[in-house]
Amino acid sequence: MFVLPGDSIGATEEFRAGTQTYESAGNIYATVAGTVKTDNRDRTISVIPGTSTPPVLKRGDVVIGQVTGLRDSLVLVAIAGVRGVTDRAIPDVGPAVIHVSNIKKAYVKDISREFGLFDIVKARITDLRNMRLDTSEPELGVMKALCSRCRTAMTQNGSRLMCPECRQVETRKTSTDYGSGII
Ligand code: ZN
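Residues numbered from 1 in each chain as written. Predicted model: local features only at pLDDT ≥ 70, side-chain atom pairs only at ≥ 80, totals over all residues. Heavy atoms only, no water.

(A) Seen up close, the coordination of the zinc ion. Here the zinc ion is held by the protein donor atoms Cys147 (SG), Cys150 (SG), Cys163 (SG) and Cys166 (SG), which lie 2.3 Å from it. Positions of the donor residues of the zinc ion, expressed as sequence spacing, correspond to C-x2-C-x12-C-x2-C. Residue cysteine 147 is found in the loop between strand 13 (141-144) and strand 14 (155-157), and its partner cysteine 163 is found in the loop between strand 15 (160-162) and strand 16 (169-170); the two are separated by 16 residues along the sequence. (Donors = N, O, S within 2.8 Å, 3.2 Å for Na, K, Ca; no water. Helix = DSSP H or I, 4+ residues; strand = E, 2+ residues; numbered from the N terminus.)

(B) View of the sheet that holds strand 4 (residues 21-24). Pairing within the open sheet is antiparallel, and its three strands lie in the order 2-5-4. The open sheet is flanked by strand 2 (8-11) and strand 4, the only strands paired with a single partner. Geometrically, the sheet is characterised by an average inter-axis angle of 30 degrees between neighbouring strands, direction not taken into account. Pairing of strand 4 with strand 5 (residues 27-30), which is carried by four bridges, proceeds in the antiparallel orientation. The residue of strand 5 that forms the bridge with tyrosine 22 is tyrosine 29. (Pairing = 2+ DSSP bridges. Axes fitted to C-alpha atoms, helices over the stretch in contact; angles between N-to-C directions.)

Here is the structure:
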């Protein structure tokens, strides 16, 4: 049985609340989207996070993800979600890649001035087979940057980003939605 967060999945007189569930007034509810699993030995009912029908990623989709690596000419991104899909997990597609030529319309000399490790980014899928992403549109790019020195979320200050903790100043290829939380 596939359930969404908040769905009632059983009664406490019948089951014990397991992982990814909570009890309220005699009922057990799911805290994540996923599949219900019952353990017949100890009568535990749990939800295994996941999805019954993963949305199929398409070329042109806008995704949100986290930077997991920086190379000379590549940014590696772990995709965490797809715009327009909030109720289901996405399939694990492995790391996606933003090539230096797809970061922005202008020439990029130093990739570390455009992205930082663990930044949250918004990007468009341009090549599904090779999981290539593009951030050259104004709306795309870094949504939340972490200070390279102390990992605090940086605030936008004109064309630069500033760390409110240690005052470090850095640059990124920011989205026009930087810091807004809008995907
Ligand atoms: Zn800092």
